[in-house]
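# Structure at a glance
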There are 2 protein chains.
Amino acid sequence: MKTIESVKEMQAFSESMRIAGKKISLVPTMGYLHQGHLRLMEEGKKRGDCLVISIYVNPTQFGPGEDFEKYPRDFEKDEKLAGDVGVDVIFYPSNKEMYPEHYQTYVNVERVTQNLCGMSRPGHFRGVATVCMKLFNIVKPHIAIFGKKDFQQLVTIKRMVTDLNLDLKVIGLSTVREPDGLAMSSRNTYLKDAERESALSLSRALKFAKELYDNGERNAAKIIEGMQKFIERHPHTKIDYIKICDTTTLEDTEQLEGESVVALAVRIGLPRLIDNYVFGEPLDL
Amino acid sequence: MKTIESVKEMQAFSESMRIAGKKISLVPTMGYLHQGHLRLMEEGKKRGDCLVISIYVNPTQFGPGEDFEKYPRDFEKDEKLAGDVGVDVIFYPSNKEMYPEHYQTYVNVERVTQNLCGMSRPGHFRGVATVCMKLFNIVKPHIAIFGKKDFQQLVTIKRMVTDLNLDLKVIGLSTVREPDGLAMSSRNTYLKDAERESALSLSRALKFAKELYDNGERNAAKIIEGMQKFIERHPHTKIDYIKICDTTTLEDTEQLEGESVVALAVRIGLPRLIDNYVFGEPLDL
């Protein structure tokens, strides 16, 4: 396994792989790798001849007052975990390498970024789309793999790839959870002991929504109201949003007819955690 | 020479060329080819193994009330001219192929698009950057060739390619002019006989600016004032802007110190014509 910090070197490596007929898979990450990332990496390993992961805490997707500075980082541990999975290359650029002087170009996916996290994190998905576009051009993957935990991110990237005709396949994999149901996230490390139990309210509220749905409830407001009451019974919780949306447009749904997703963001003490469930799919809880 | 209308087919063709080690050059055009385009195509032929031109009148770079509908088109004539130069592929997509339902992603190059044509054509460079990003992802060129007549477009594309780490080389070639100095443009076809003489005021004003510069004038306002008076002496002219800018940032310059460009846009009857001159370079007039 090698670590590449330079854009030019990464591009040259990827171009040589492509000319040699090798299939490149990419797992973009912000590091501080957990089981969720490992699952994506294992899938990348399976599907490609050359597995590249990027480790880059991208400043342009953090808003003012968000946790860019204190986002957890541990490159040595990440390196070890990546090696164990059989990663071929870690792309590990500096901010100066990614956003040099005079930088001024951004990719905007206009509609699917408006709702959900887009409402409380303006500019977040502009940063996500932009850095992914850059990573795709640098690593030149045939396949890019993302987690479904960041559902709106996945929809945004897929939309960008389709709209801008990027010749690569985007794959979304199911959320990996702790044994008690908490969705894996690097931000879980922020949780204090007393908050850990309250953090379970997210996945349990999803399970509650699934049960209502499975019992025939199709009214979005009723499902959301039940989830809200459920979460508010837990201390340290502050709901940012609970919404039910069409999985393609991410517009709010009143009656669950087409494919719908329930997504929520809840602040538990310091961290703002997200989770989601696509109705009709299994939920391992 | 073949004509490809489908994105998928173009990508497959280009991918096979790249894997075979062939160097692809792309000349993006809106068709109605003239000597300026032919010069770009000849250069593409010289520099690559496979020359692709795109012919696409891109709706997203036209504002409301602009000439998208009546922009001149003549595919049969273009096909003949392209064949004569030795073009390998004409990429000739429909609007539906380029902007299908649910389309919503745009590339914004933020600062260099603000001044000059960006002031009177809001959204124009967003459309230009977006369609070029799409064409680059579809045609996968090693080299893309543009004319310097659209100076701000060239700066914008170069900025986008650098910022988003596109692994291709952008080349700008000198403006090709009619024997009397008028910069070649598909929009010259709009000029009525009585306006044709007035259209020469653009290139002649540039020559006037060059002469002032060569004689030591470095004050931008004085050069601009002289050009303005010169152009206003011609009938049918309505100046949109005359500006002197830094060639990298495209911000207005007061004193000509670094590399500067004088750019102008003038409405001559119906058409709005543009031209420019980079101080210190030759001007074939």
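Coordinates for the structure precede this section.
This one's a predicted model, so the numbers in the text were calculated from it and none came from an experiment.

What counts as what
Residues numbered from 1 in each chain as written. Chains lettered and ligands numbered in written order. Predicted model: local features only at pLDDT ≥ 70, side-chain atom pairs only at ≥ 80, totals over all residues. Buried ≥ 20, exposed ≤ 12 C-beta atoms within 10 Å, placed from the backbone. Helix = DSSP H or I, 4+ residues; strand = E, 2+ residues; numbered from the N terminus. Right-handed = clockwise from strand over helix to strand, strands pointing away. Pairing = 2+ DSSP bridges. Axes fitted to C-alpha atoms, helices over the stretch in contact; angles between N-to-C directions. Contact = placed C-beta atoms within 7 Å. Left-handed = near helix turned anticlockwise from the far one by under 90°. Nonpolar A, V, L, I, M, F, W, Y, C, P; charged D, E, K, R; others polar.

Residue and element names in this part refer to chain B. Of all the six residues making up strand 2 (residues 24–29), six are buried; the element is thus mostly covered by neighbouring parts of the structure. Following the backbone out of strand 2, through helix 2 (residues 35–47) and into the adjacent parallel strand 3 (residues 50–55), one traces a crossover that is right-handed. In this structure, strand 2 lies alongside strand 6 (residues 143–147), joined through two bridges in parallel fashion. Bridge pairing in strand 6 links Leu26 to Ala144.

All names here are of chain B. Read from one edge of the open sheet, six strands run 1-4-3-2-6-7, paired in parallel fashion. Among the strands making up the open sheet, the edge pair consists of strand 1 (2–4) and strand 7 (169–173). Averaged over all neighbouring strand pairs, the angle between strand axes comes to 25°, with direction disregarded. By the bridge criterion, six bridges tie strand 2 to strand 3 in an arrangement that is parallel. Residue pairing for strand 3: Leu26 is matched across the bridge by Val52.

In this section: the environment of Thr175(B). Residues and elements named next belong to chain B. In this structure, Thr175 sits in the loop between strand 7 and helix 8 (193–214). With 22 C-beta atoms packed within 10 Å, Thr175 lands in the buried category. Discounting chain neighbours no more than four positions away, the residues touching Thr175 are Gly36, Gly147, Lys148, Lys149 and Ala183.

The next point concerns the packing of helix 8 (residues 193–214) of chain A against helix 9 (residues 220–232) of chain A. Residues and elements named next belong to chain A. For the pair helix 8 and helix 9, interaxial distance at closest approach is 9 Å and the crossing angle is 150°. By crossing handedness, the relation of helix 8 to helix 9 is classed as right-handed. Of the residues in helix 9, those in contact with Ser201, Ala205, Phe208, Ala209, Leu212 and Tyr213 of helix 8 are Ile223, Gly226, Met227, Phe230 and Ile231. Considering only residue class, the contact of helix 8 with helix 9 consists of nine nonpolar, two polar and no charged.

Further remarks concern the interface of chain A and chain B. Tallying the contact residues gives 24 residues for chain A and 25 residues for chain B. Residue assignment for the side of chain A that touches chain B shows that the elements contributing at least two residues are helix 1 (7–19), strand 5 (105–109), helix 6 (124–139) and helix 7 (151–163) of chain A. By residue number, the principal contributor to the side of chain A that touches chain B is strand 5 of chain A, which donates five residues. Residues that form the side of chain A that touches chain B fall into these classes: eleven nonpolar, seven polar and six charged. The pairing of strand 5 of chain A with strand 5 (residues 105–109) of chain B spans five bridges and is antiparallel. When the bridges of strand 5 of chain B are listed, Tyr106(A) appears paired with Asn108(B).

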